[in-house]
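# Structural description and commentary
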Amino acid sequence: MAEPPEIRIGTAEREDAMKRLSDHFAAGRLSVAEFDERSGIVAAALTRGDLDQVFTDLPLPVAEKTVPAQRESRFGSQWQERAMPVITILCVIIAIVSHQWWVFLLIPLAGAALFGSRDNSRRRNRGDRRGGRQRRLERGSED
């Protein structure tokens, strides 16, 4: 249910509106004069209705266009980091109780199983930078 436009706003709503307005300006939808005029209106806004009039002729940001929210699991998104210390403690207890040293080998195996399939974006970015540098060198030698 939408809130009535007479509801008073605070600093957080004004800052959010200024960010959205800046995004529209960066996208080229507003001229400098329009941006200055609308940012003055946002700064002086007291109610939601005052803010709404600034965005009437602008499209909704992509994030607000009914993107389905991803449901976070009960254990959080970082359950692997929480499981690793538990696995380590269990391996230590099992090793002490069973007097078997090889149980400690399960710790790196569990780490590889939990974290081995992760996206290695740092490695990929490093490779992209090297490739980009190589492409620039090749273009420079052609010129």
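To start, this report covers the structure provided alongside it. Being a predicted model, the structure only gives us computed values, none of them experimental.

Let's shift gears to the overall build of the protein. When its secondary structure is counted, the protein shows 6 helices and 0 strands. Listed N to C, the secondary structure of the protein is α-α-α-α-α-α in terms of helices and strands. Within the span of the protein, comprising 143 residues, buried residues form 19% of the whole. In the protein, the share of contacts with a sequence separation of at least 24, taken over all contacts with a separation of at least 6, comes to 60%. Put simply, the protein shows about 11600 Å² of open surface, and 58% of that area lies on carbon and sulfur atoms.

What the rule picks out here adds up to 4 salt bridges. Here Arg-20 ties to Asp-16 by a salt bridge, and the two come within 3.6 Å at their closest N and O atoms. With Arg-20 and Asp-16 both in helix α1 (residues 11-26) and 4 residues apart, this pair spans about one turn of that helix. Residue Arg-20 is classed as partly exposed on the basis of its relative accessible area, which comes to 22%. We note a salt bridge from Asp-23 to Lys-19, for which the minimum N-O separation is 3.2 Å. Taken together, the positions of Asp-23 and Lys-19, both in helix α1 and 4 residues apart, correspond to about one turn of that helix. Among the residues examined, Asp-23 registers a relative accessible area of 40% and is labelled partly exposed.

Thresholds, definitions, all that
Residues numbered from 1 in each chain as written. Predicted model: local features only at pLDDT ≥ 70, side-chain atom pairs only at ≥ 80, totals over all residues. Heavy atoms only, no water. Helix = DSSP H or I, 4+ residues; strand = E, 2+ residues; numbered from the N terminus. Buried < 20%, exposed > 50% of the residue type's maximum accessible area, 1.4 Å probe, protein only. Contact = heavy atoms within 4.5 Å. Areas by Shrake-Rupley, 256 points an atom, 1.4 Å probe, with all protein chains shown as cover. Salt bridge = Lys/Arg side-chain N within 4 Å of Asp/Glu carboxyl O.

By themselves these figures say nothing about function.
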